[in-house]
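# Examining the three-dimensional arrangement
These are the residues of each chain, in order.
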Amino acid sequence: MYLLSCLFAGMFACPFGSQALWFFPAALVLLLILLFLLRWTDWAVARRVMAVPTADAAELPRISIIVPCFNAARALEISVPEMLRQDYPDFQIILVNENSEDDTADVIKRLAQSDPRVRHTYVPDTSRSIEPRKLALTLGIKAARSEWVVIAEPDALPVSRRWLRTLAVRCTEATDAVMGLCLVRENDDEPRAALCRASYECLAEQLRLAAAARRGNPIGWLPANVCMRKSWFLANDGFTDSLTLPFGEETLLLAAHAAQERTAVCLDRGGALTLPAPERRALAMEHVKACETGRRASRRARLYRLRETAAAWVHLFALLVPVAYLALRLAADLFSNAYTSAALSPDIATFLLAVALLLLPPLLLRPVMKRLQQPVPWFYATAHALLHPWRRTAAAVRCKWLRKTFVRKF
């Protein structure tokens with residue numbers, strides 16, 4: 001202990017030691033630059049994706065909304081009427097029952113009888129060799145009477161009555177797939193911290209995927225609000241790239257077959273769907289699924305996932321640098337029983353850089369959040385940076401442990 005104290009005193013008392021203090025602000029500057037290049041540039045994508053002017057009704061294509069349903073009777077009674085209120089000239093909703101065990105079949109029939117725009121089909125009981133959701137989506141897309149289809153979840157709700165119209169103006173002759181925005185809706189039953197975490201992670205993931213698509217590397221999307229051509233889906237043999245995996249079908253399809261010049265991103269709030277905030281365990285399981293899906297995705301998708309992992313650790317190390325600096329400075333001053341005036345400049349520089357590190361993430365996200373009418377994560381951005389690397393590591397370990405259970409045996 002005595003030798004360690006002498007080391008601290010020598011480091012901060014001698015002229016060389018006072019110059020060595022500048023190592024910490026220099027390291028912070030380097031980490032901030034890396035963090036900007038690895039992550040914060042993605043957050044600027046939403047501001048560069050400008051709203052597309054609304055097209056005339058005659059130019060809007062017919063759209064089919066595909067909704068796979070498993071034990072979703074209560075959710076369908078809320079979501080389908082909301083979808084039917086869309087301000088869109090020509091669309092239909094196809095509900096596909098995945099052998100539900102509740103009243104989903106009865107609710108689907110009642111909804112189909114109440115509105116001719118609602119159609120329904122089902123996954124046969126004998127279909128055991130294909131994952132039910134993949135088969136449900138495939139059956140729904142094949143049953144669609146339109147060239148364009150939108151994949152939606154049974155508990156997804158449109159933000160506005162212009163949801164389909166906002167997506168449809170991007171469904172042009174030059175595009176095969178359109179990736180729409182998903183937001184987490186508030187729920188009074190969920191703790192505020194859980195809602196903030198789910199909302200932040202959902203939006204940050206979409207900004208990362210949107211940035212990859214804008215750079216010419218579409219690597220996937222969330223399993224909802226994906227609009228695609230029926231002919232493009234069938235030409236690429238649908239979900240054959242993920243038959244042995246019970247999740248990740250949209251991500252693997254887009255990562256394998258989406259082309260740079262024929263993929264559009266819609267980050268307008270008017271074209272968004274809202275999803276309920278997942279529970280804590282469900283959110284942790286989503287990280288595990290994303291880890292396994294990323295392992296099976298294309299090389300470019302794996303590189304982008306590695307880039308995000310590097311950004312997570314860089315952010316953590318950047319937060320630890322001021323803490324280490326403060327601890328060493330306190331130890332040196334306590335040992336010498338006096339403040340070292342030569343350390344004033346590096347003290348101020350480290351303090352200002354630490355403040356910038358805390359404020360830059362929410363400030364950079366603030367324009368995006370205000371545009372999407374989402375709360376700005378003033379404090380959660382830092383908490384997420386401290387915990388996210390460990391959560392990703394835990395998800396990777398758990399993914400490796402559960403990998404054999406993910407593979408579907410035929």
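Residues numbered from 1 in each chain as written. Predicted model: local features only at pLDDT ≥ 70, side-chain atom pairs only at ≥ 80, totals over all residues. Heavy atoms only, no water.

### Re the overall build of the chain
Looking only at helices and strands, the chain has 15 helices and 10 strands in total. Within the span of the chain, comprising 410 residues, buried residues form 52% of the whole. For the chain, long-range pairs separated by at least 24 residues make up 83% of all intrachain contacts whose partners lie at least 6 apart in sequence. Total accessible area on the chain stands at roughly 19,900 Å², and carbon and sulfur atoms take up 61% of it. (Helix = DSSP H or I, 4+ residues; strand = E, 2+ residues; numbered from the N terminus. Buried < 20%, exposed > 50% of the residue type's maximum accessible area, 1.4 Å probe, protein only. Contact = heavy atoms within 4.5 Å. Areas by Shrake-Rupley, 256 points an atom, 1.4 Å probe, with all protein chains shown as cover.)

### Section: the nonpolar core
Note on soluble globular proteins: their nonpolar side chains tend to be buried together. Of all hydrophobic cores here, the largest spans 120 residues; its most connected members are Ile65, Val67, Leu76, Ile93, Leu95 and Trp221. When sequence neighbours within four positions are dropped, the list of residues in contact with Trp221 reads Met179, Gly180, Gln206, Leu209, Ala210, Val226, Thr251, Leu254, Val265 and Leu267. (Core = buried A, V, L, I, M, F, W, Y, C linked by side-chain atoms within 4.5 Å.)

### Observations regarding the packing of aromatic side chains
Overall, the coordinates contain six aromatic pairs when judged by the stated rule. Taking 5.5 Å as the distance between ring centres and 80° as the angle between the ring planes, the aromatic pair formed by Phe23 and Phe24 counts as edge-to-face. Assessed through its relative accessible area of 57%, Phe23 is described here as exposed. Taken together, the aromatic side chains of Phe23, Phe24 and Tyr325 make up a single cluster linked through ring pairs. (Phe/Tyr/Trp six-rings, centres within 6.5 Å; stacked < 30°, edge-to-face > 60°.)

### Things to note about the side chain of His388
Its place among the elements puts His388 in helix 15 (residues 380-406). Ignoring anything within four residues of it in the chain, the contact list for His388 reads Arg39, His287, Glu308 and Ala312.

### With respect to unusual backbone geometry
A positive phi angle, near 60°, is found at Asn225, a position not held by glycine. Relative to the helices and strands, Asn225 resides in the loop between helix 9 (192-214) and strand 8 (226-229). Judged by relative accessible area, Asn225 falls into the buried class, the value being 0%. Even without being glycine, Asp237 reaches a positive phi, approximately 60°. Topologically, Asp237 is positioned in the loop between helix 10 (230-235) and helix 11 (249-257). For Asp237, a relative accessible area of 53% gives the class exposed.

### Some words on empty space enclosed by the protein
Applying the stated criterion across every chain, the model contains one cavity of 30 Å³ or more. What lines the largest cavity is simply Cys196, Ser199, Tyr200, Met369, Pro375 and Pro377. With three residues, the single largest contributor to the lining of the largest cavity is helix 9. For the lining of the largest cavity, the per-class residue count stands at five nonpolar, one polar and no charged. (1 Å grid on protein atoms, 1.4 Å probe; cavity = no way out; pocket = protein on both sides within 12 Å on 5 of 7 lines; lining within 4 Å. Points joined across faces, edges and corners; volume = space filled by probe spheres on them. Nonpolar A, V, L, I, M, F, W, Y, C, P; charged D, E, K, R; others polar.)

### Description of the sheet that holds strand 9 (residues 263-266)
Read from one edge to the other, the open sheet built from seven strands follows the order 3-2-1-4-8-6-9, with strand pairing classed as mixed. Because the sheet does not close on itself, it has two edges, and the strands there are strand 3 (118-122) and strand 9. Each strand of the sheet is rotated relative to its neighbour by a mean of 20°, with strand direction disregarded. As paired strands, strand 1 (residues 63-69) and strand 2 (residues 91-97) are joined by seven bridges and run parallel to one another. (Pairing = 2+ DSSP bridges. Axes fitted to C-alpha atoms, helices over the stretch in contact; angles between N-to-C directions.)

### Digging into the pattern of salt bridges
Side chains that carry opposite charge are capable of pairing whenever their charged atoms lie near each other. Applying the stated criterion across every chain yields a total of 26 salt bridges. Across the pair Glu173 and Arg229 runs a salt bridge, and its minimum N-O distance is 3.9 Å. Here Arg229 lies in strand 8 and Glu173 lies in the loop between helix 8 (163-168) and strand 6 (177-180), a separation of 56 residues in the sequence. Salt bridges linked by common partners bring Arg133, Lys134, Glu153, Glu249 and Glu250 together as one network. (Salt bridge = Lys/Arg side-chain N within 4 Å of Asp/Glu carboxyl O.)

### Section: the sheet that holds strand 7 (residues 182-185)
Within the open sheet, the three strands sit side by side as 5-10-7. Their pairing is mixed. Strands at the two margins of the open sheet, each flanked by one partner only, are strand 5 (157-158) and strand 7. Relative to strand 10 (residues 273-276), strand 5 runs antiparallel, the two being bridged by two bridges. When the sheet's bridge partners are listed, Leu157 is paired in strand 10 with Thr274.

### Structural notes on the environment of Ile63
With respect to the secondary-structure elements, Ile63 resides in strand 1. Sequence separation between Ile63 and Val150 is 87 residues, and the spatial gap between their C-alpha atoms is 7.2 Å. Excluding residues within four positions of it along the chain, Ile63 makes contact with Tyr88, Asp90, Phe91, Gln92, Ser146, Trp148, Val150, Leu164 and Ala168.

### Regarding a negative patch on the surface
A contiguous patch of negative charge on the surface is contributed by Glu101, Asp102, Asp103 and Asp106. In this structure Glu101 comes out as exposed when scored by relative accessible area, which is 69%. (Patch = residues over 30% accessible without salt bridge, like charges linked within 9 Å, V, L, I, M, F, W, Y side chains within 5 Å. Lys, Arg positive; Asp, Glu negative; His and termini not counted. Charge placed at Lys NZ, Arg CZ, Asp CG, Glu CD.)

### As for the pairing of strand 9
For a regular strand, side-chain orientation follows a simple rule: the groups alternate between the two sheet faces. Judged by which residues are buried, strand 9 turns out to be covered on both faces: Thr263 and Val265 on one side and Ala264 and Cys266 on the other are all buried. Two strands pair when backbone bridges link them, and strand 6 and strand 9 are joined in this way by four bridges, in the parallel orientation. Looking at the pairing, Gly180 lines up with Cys266 of strand 9.

### A look at helix 15
Taking 1.5 Å of rise per residue, the 27 residues of helix 15 would be expected to cover 39 Å, yet its terminal C-alpha atoms sit only 32 Å apart, more than 12% below that figure. Along its length, helix 15 reaches its greatest deviation from straightness, about 45°, at Lys400. (Expected span 1.5 Å × (residues − 1). Bend = angle between axes of the 7 residues up to and from the residue.)

Purely geometric stuff here, so don't read any function into it on its own.
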